[in-house]
Each structure stands twice: as structure tokens, then as C-alpha cells.
Amino acid sequence: MAMPSLMLSRSCRSCSRFSSFFHTNNRYASSVVSVNTSEEIPGEEIQYPPIKPRRPPGSWGNMTEKRSWSIWEQSNKLKDTKLKLKDRFEMLSPSPEVTWKCPSVQHYPRSFEYQQYVTKTHMAPGMPEVYEQMEEEAMAYLQRIKPLIERVILFENFLIDRNIKYTRYNKLDPDNVTFLQTEQIINCLLSVLAPDFPHLLTSQFAENVRIRAFWDRYGIPTKPYILRKDREFQRFEKMYSRFNTEFICSQIRSEKPLMPFVPRDSPLCTESEYSQFCYWPSDLSQQNEKVKNICIPGFFHGDPCEFGLVSFHCSSQMKRKIKQFGPEITYEFQKGLGLITSFAWTVAQAYFLAHL
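Residues numbered from 1 in each chain as written. Predicted model: local features only at pLDDT ≥ 70, side-chain atom pairs only at ≥ 80, totals over all residues. Heavy atoms only, no water.

Per an unreviewed UniProt entry, the protein chain goes by Ribosomal S30, mitochondrial-like and derives from Octopus vulgaris. Database annotation for the protein chain, UniProt heading Subcellular location (unreviewed entry): "Mitochondrion". (UniProt positions renumbered as here; feature names shortened; annotations may be inferred.)

Here it is, written out as C-alpha cells:
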């Protein structure tokens, strides 16, 4: 009778060992399942770390990735609101650099394509819609103030003739004459239009204002130069050039900026092609000099009226060019004068108002 009980006890022990092994495998299997299965949490999505794009946002043309990211990082530093104006200019122009002069009135005709290329600007056909909408209103104001302006011009010419006859100076500087007449015309316009346009009452008028601006144009390489390093000569080529311009004008500034005529994301601004130019600037009699660049928008930092409303420019230099090359190039010189002066003024304002 002892034998069956012994056999039963052995079988029970083997069953218990098998059951413990089975439970262990079950625990291992359950742990594997819990690791490999993911529970879906309602309202949440799996997020992956962002992938850095090849180039920063915007259009960079054939610029290298390293150069584009370098410019992008520098622009973010320049936009820092805590950065002082002096420090901003030190970052933009830390030392004198070879700079191409870009005068508002070119030395020779057929230079408008070059002016568009160095400023990366194109002339849009026609006029903005905002001008077409106010055409009737503008013509009504023109008929109203036209007799007053004619009277001012006649009176100024009378004063000029009198000064020539009764003084020892038999010739006046044409630029000074233009600025004097412009001043009187603007005062007449402000006095007549201010009651209908209150923002003119708080605007500022400045005459003989100096405007100066500089900018970099990528894609125009400077002359290759040789850099010596560890007794080995390596050839480098700088793929951008610096330009500057300077002129005198009269301007009206306001406390608030003008409303944009065209949105920045408009196809007219993003899809239009600008002029291409394949000649060296010196081929068009452009001159360069080594200078420390600075921007002058026509006002001091902190002025209550820091936004440009309209500017007036002397055309006596352009008239001399027209007299030299003929009247058929008049429209080209007028377009070039308007392009360079408006571009330079907005660039100078952007450097000063980057803290806003």
C-alpha cells in the first residue's frame, strides 16, 4: 500500500514543478506583450523631433546651405529688440570694406537694367489699384490747387530774376533754386490739404536731407584674392558685393507708416522675375572705394516722425545728362532716379526701425 502513495507523491511533485515553469513562461510572455504593444491614448498623437531643412525659409537661389544658414542666423540676431542701434551697425559693417558706388543718376544711359539687378528690384507694369481708385479724387484736388502752385512758381521765378539783376551774383546754383521752389510748393500743399487730411498736421517737412544706405547683393562676386595659410596658397572667391548710394532730397515724414499697396505674398512680389545682368560693374563706369558704411535715413533715432511719406528730388543733374545724350533717354533716367532713391530710403529706414 505504500508504493502507490509514493508514486502519487512523485507525480504531484513533478506536476508542481511543471506548473511553476508554466507560470514563469506566462509571466515572461506577458512582459513581452506589454513591452511590444502600445496603448492608444485618446486625444494624443505620436510626435517626432523636427528635421532641419536644407535651407531656411525663403528663396535663396543657388546660395550654398552653409552661407544661407549663416545669413539667417545673423538676421535673427539683428532683429533682437534688445540690440542697440550702434551695435547693429557694428555687426553689419565692422570695418571698412570695398564698396561699389551706385549713384541715383547714372553716368551713362542704358543702365536701368543694371540698377534693377543690383537692387534685386523689378518695375511692375501699370499702377497699383489704390492709385486707380483715387484718380477722380486726385484730379479734383489738382484742379483746386493748380492755380496756387502756378502762382508760387511765378513768384519764385520773379525773386530769382530780381536777385540776378540787383546782386553781384549773376548765376545761382540750379540745385539751390530747385530746393527753394520745392519748399514753397510743399508749404502750399500742406496748408491746402491739411484740413482734409489730419495726418498732415502732425507730419514733418525737412529740406536738404542727406540719405545714405548700403546693402549686399549676392551673386556678384568680387575679384578672386589669394589667402596664405600654412605656406600654401588657396584661391577663394567672395560671392557677394556691397553697394552704397548717397543723395540729398526733401521729405515729408509721418508718425505712422503707409499702408502696403501690394501684400508681401502677392505673386507680383514672389513670382516676378527681375533683370539679369552679366557684366562687371566697372564695365558701366561704376567706381568702388574702401569705406566704412553707415545708413542715414534723414532723421535721428527716436524722432516722432520716423516713417517716410513722400520725398522730393532735384532733377538738375538728370537734366544735364539729358542735354548730353539726348531727350530720348529721359524716361530711363527718371525710372533709375525713382528706383535708387526709393530703394535706398526704405533700406535706411529698415536699418533704423528694425527694433520695432
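Draft legend 1. Broad picture of the overall build of the protein chain. Helix and strand content of the protein chain: 10 helices and 7 strands. Here the protein chain, with 356 residues, has 31% of them falling under the buried criterion. Considering only contacts in the protein chain between residues 6 or more positions apart, those separated by 24 or more positions represent 78%. Carbon and sulfur atoms make up 57% of the accessible area of the protein chain, which totals about 25,500 Å². (Helix = DSSP H or I, 4+ residues; strand = E, 2+ residues; numbered from the N terminus. Buried < 20%, exposed > 50% of the residue type's maximum accessible area, 1.4 Å probe, protein only. Contact = heavy atoms within 4.5 Å. Areas by Shrake-Rupley, 256 points an atom, 1.4 Å probe, with all protein chains shown as cover.)

Draft legend 2. Spatial organisation of empty space enclosed by the protein. Scanning the model with the defined rule gives 1 cavity of 30 Å³ or more in all. Considered as a void within the structure, the largest cavity measures approximately 80 Å³ in volume. What lines the largest cavity is a set of 13 residues, among which Gln 106, Ser 111, Gln 115, Glu 332 and Phe 333 lie closest to the centre. Those elements that provide at least two residues to the lining of the largest cavity are helix H4 (112-119) and helix H10 (330-352). When residues of the lining of the largest cavity are assigned to their parent elements, the largest contribution, 4 residues, is made by H10. Taken together, the residues of the lining of the largest cavity break down into 6 nonpolar, 5 polar and 2 charged. (1 Å grid on protein atoms, 1.4 Å probe; cavity = no way out; pocket = protein on both sides within 12 Å on 5 of 7 lines; lining within 4 Å. Points joined across faces, edges and corners; volume = space filled by probe spheres on them. Nonpolar A, V, L, I, M, F, W, Y, C, P; charged D, E, K, R; others polar.)

Draft legend 3. View of the layout of surface pockets. Taken as a whole, the second largest pocket holds about 420 Å³ of empty space. As for the second largest pocket, its lining consists of 21 residues, and the residues nearest its centre are Ser 104, Glu 246, Phe 247, Ile 248 and Gln 317. Residue assignment for the lining of the second largest pocket shows that the elements contributing at least two residues are helix H7 (174-193), strand E5 (240-254), helix H9 (316-325) and H10. A total of 5 residues in the lining of the second largest pocket trace back to one element, the largest contributor, which is E5.

Draft legend 4. The nonpolar core, seen in detail. Ranked by size, the top nonpolar core spans 31 residues in total, and within it Phe 89, Cys 295 and Tyr 351 carry the most contacts. Mapped onto this core, the elements with two or more residues apiece are helix H3 (85-92), H4, strand E2 (204-218), E5 and H10. Residues Tyr 141, Leu 193, Leu 200 and Ile 252 belong to the second largest nonpolar core, which totals 7 residues. (Core = buried A, V, L, I, M, F, W, Y, C linked by side-chain atoms within 4.5 Å.)

Draft legend 5. Just the packing of aromatic side chains, in detail. On inspection of all chains with the given rule, the structure shows 9 aromatic pairs. Here the aromatic rings of Phe 89 and Tyr 351 are separated by 6.2 Å at their centres, their planes lie at 85 degrees, and the arrangement is edge-to-face. Note that Phe 89 is positioned in helix H3 and Tyr 351 in helix H10, a separation of 262 residues in sequence. The exposure class assigned to Phe 89 is buried, which follows from its relative accessible area of 11%. (Phe/Tyr/Trp six-rings, centres within 6.5 Å; stacked < 30°, edge-to-face > 60°.)

Draft legend 6. A look at the pattern of salt bridges. Within the structure shown, the criterion is met by 8 salt bridges. For Arg 210, the salt bridge identified is with Glu 246, shortest N-O distance 2.5 Å. Taken as a pair, Arg 210 in strand E2 and Glu 246 in strand E5 lie far apart in primary sequence, 36 residues in all. Classification of Arg 210 as partly exposed rests on a relative accessible area of 36%. According to the relative accessible area criterion, Glu 246 is partly exposed, its value standing at 41%. (Salt bridge = Lys/Arg side-chain N within 4 Å of Asp/Glu carboxyl O.)

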